[in-house]
Amino acid sequence: MREPARVGGGANADAASDLPVISTRGLSKSYRRVHALKPLDLTVSRGSIFGFLGPNGAGKTTAIKLLLGLTRPTSGTGTVFGRDIATEGVEIRSRIGYLAQEPRFYDFMTARETLRFTARFFYEGPEKVIERRIGESLELVGLEEKADRKVRGFSGGERQRLGLAQAQINDPELLILDEPAASLDPMGRRDVLSIMESFKERATIFYSTHILSDVQRVSDSLAILKDGKLLAQASTEELLSGRSGGTATYELLLKATSKEATEKLGELRSRVRGLPWVSSLEEEPDAGELRWIVRVTAEAAAEEDLLRLVLDHRGVRVVSFGRQRRSLEEAFFGLVEGGDVHGG
Ligand SMILES: Nc1ncnc2c1ncn2[C@@H]1O[C@H](COP(=O)(O)OP(=O)(O)OP(=O)(O)O)[C@@H](O)[C@H]1O
């Protein structure tokens, strides 16, 4: 859409820069004895859908409030668009769209009136242009047909969609969404996630959630927080594949075709374990076959040589070979319960 005149201005001033959209260093917040957020180093790149994942009470809302400049850090620093969150909150907020965990509306207003009310904080200029923006926003979240109904009667999903329309009314570069889908049923969640995906073209999206499958579905990057502490920050692909900094895990399903080959497997195991780029090899029986889980520190070497080495061993058949993928659930619980930390 053509841009109406903007109040506050400068919205896309550094859109082309490579600066991370969000960056924090040692950012923390304590309330008396509660360490709501322990020193946090976070980097969110432009254009990503970043899932900020953590169980209840992990510190997600606290971090969001700090980024928005709505509460002051106990220690550390942070920037959004390169602007200091402690001193430039007003400027930052004028360039962000924010959806609170429980968005509140004036129930006597219709959806269209709600958006009109919000739009007037951001736009000046011809009525027609503002109305067009409101119409586009209602369409974007699928509320065109309910546009002139009072918010009072809206379902949870409709309220959430209205909240999303409201958050993006000023065409922000960054959307910060606090648990946008948490209270919705699976269909409502699916709708909200699709809307978020459609925003990706225009804005970086930073959203908090405790729903793992949502993150797996839409996020390209994520951070995992627990008890105020960052456990991992990685691309979703990196986390699911167990890859980070060249390390990876491979899974081989083997079958020894003779007694002799079975006896010689010990020798093969030692050879593999002795390779300089193999950090561990675990073996478990699997329905008459053997499953090897091999962790390596050099992906390229593993992909070139691991399979070849095993196949050179006479009497051993390789039923399958591939990089091990975990579900986000496995990765998450590995981190939350076991200190299995990836990423930076
Ligand atoms: N104003 C406050 N005063 C005292 N403690 C607070 C305050 N705000 C948050 N906390 C505490 O800080 C911790 C983190 O809370 P926060 O709301 O940031 O977590 P969250 O990850 O957003 O949780 P949820 O998913 O349940 O919304 C909690 O233990 C909470 O009780």
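If you're wondering where the values come from, they're calculated on a predicted model, not measured in any experiment.

1. Some thoughts on the overall build of the protein chain
Consideration 1: Counting its secondary structure elements, the protein chain contains 11 helices and 16 strands.
Consideration 2: Its C-alpha atoms put the protein chain at 85 × 45 × 40 Å along the principal axes.
Consideration 3: Out of the 344 residues belonging to the protein chain, those deemed buried represent 34%.
Consideration 4: Counting contacts in the protein chain only where the partners sit at least 6 residues apart, residues at least 24 apart contribute 71% of the total.

2. Things to note about the sheet that holds strand β12 (residues 229-235)
Consideration 1: Pairing within the open sheet is mixed, and its 6 strands lie in the order β7-β9-β10-β4-β11-β12. Of all the strands in the sheet, the pair left with one neighbour each is β7 (96-99) and β12. Recorded for the sheet is a direction-independent mean angle of 15 degrees between the axes of neighbouring strands.
Consideration 2: Contacting β4 (49-53), β9 (174-178), β10 (204-209) and β11 (221-226), helix α1 (residues 60-67) crosses the sheet at an angle of about 150 degrees to β9.
Consideration 3: In this fold helix α5 (residues 156-167) packs onto β7 and β9, with an angle of close to 165 degrees to the strand it touches most, β7.

3. Description of the site of the ligand
Consideration 1: Around the ligand sit Tyr 31, Val 34, Ala 36, Gly 54, Asn 56, Gly 57, Ala 58, Gly 59, Lys 60, Thr 61, Thr 62 and His 210, and those are all the residues in its vicinity.
Consideration 2: When contributions to the shell around the ligand are tallied by element, the ones reaching two or more residues are β3 (34-44) and α1.
Consideration 3: When the residues that make up the shell around the ligand are grouped by side-chain class, the tally is 4 nonpolar, 7 polar and 1 charged.

4. As for the environment of Ile 224
Consideration 1: Relative to the helices and strands, Ile 224 is located in strand β11.
Consideration 2: The class of Ile 224 is buried, set by 27 C-beta atoms lying within 10 Å.
Consideration 3: Sequence separation between Ile 224 and Glu 145 is 79 residues, and the spatial gap between their C-alpha atoms is 38 Å.
Consideration 4: With sequence-adjacent residues up to four places away left out, Ile 224 is seen in contact with Leu 53, Gly 54, Leu 231, Ala 232, Phe 332 and Leu 335.

5. Examining the pairing of strand β13 (residues 248-256)
Consideration 1: In this sheet, strand β15 (residues 289-296) lies alongside β13 in antiparallel orientation, the contact comprising 7 bridges. In the strand pairing of β15, Leu 254 is matched with Leu 290.
Consideration 2: Two elements, β13 and strand β16 (residues 316-323), share 7 bridges in a ladder whose sense is antiparallel. The residue of β16 that forms the bridge with Ala 256 is Val 316.

Cut-off values and rules
- The numbering scheme is per chain: residues are counted from 1 as the chain's sequence reads.
- Where local features are concerned, this predicted model is filtered to residues with pLDDT of at least 70; where side-chain atom pairs are given and counted, the filter is 80 or more; whole-chain, interface and lining totals use all residues.
- Numbering of helices and strands starts at the N terminus; helices are DSSP runs of H or I of at least 4 residues and strands are runs of E of at least 2.
- The exposure label follows from counting other C-beta atoms within 10 Å of a residue's C-beta, where the C-beta atoms are placed from the backbone and the thresholds are 20 or more for buried and 12 or fewer for exposed, leaving partly exposed in between.
- This entry defines residue contacts through backbone-placed C-beta atoms, with two residues in contact when those atoms are within 7 Å.
- Two strands form a pair only when DSSP identifies at least two bridges running between them.
- To obtain each axis, a line is fitted to C-alpha atoms, and for helices this fit is confined to the stretch in contact; angles are then taken between N-to-C directions over 0 to 180 degrees.
- Think of it this way: take the backbone, place a C-beta atom on it, and check whether that atom is within 6 Å of the molecule or strand, in which case the residue is near it.
- Side-chain classes are defined by residue name, with Ala, Val, Leu, Ile, Met, Phe, Trp, Tyr, Cys and Pro counting as nonpolar, Asp, Glu, Lys and Arg as charged, and the others, Gly among them, as polar.

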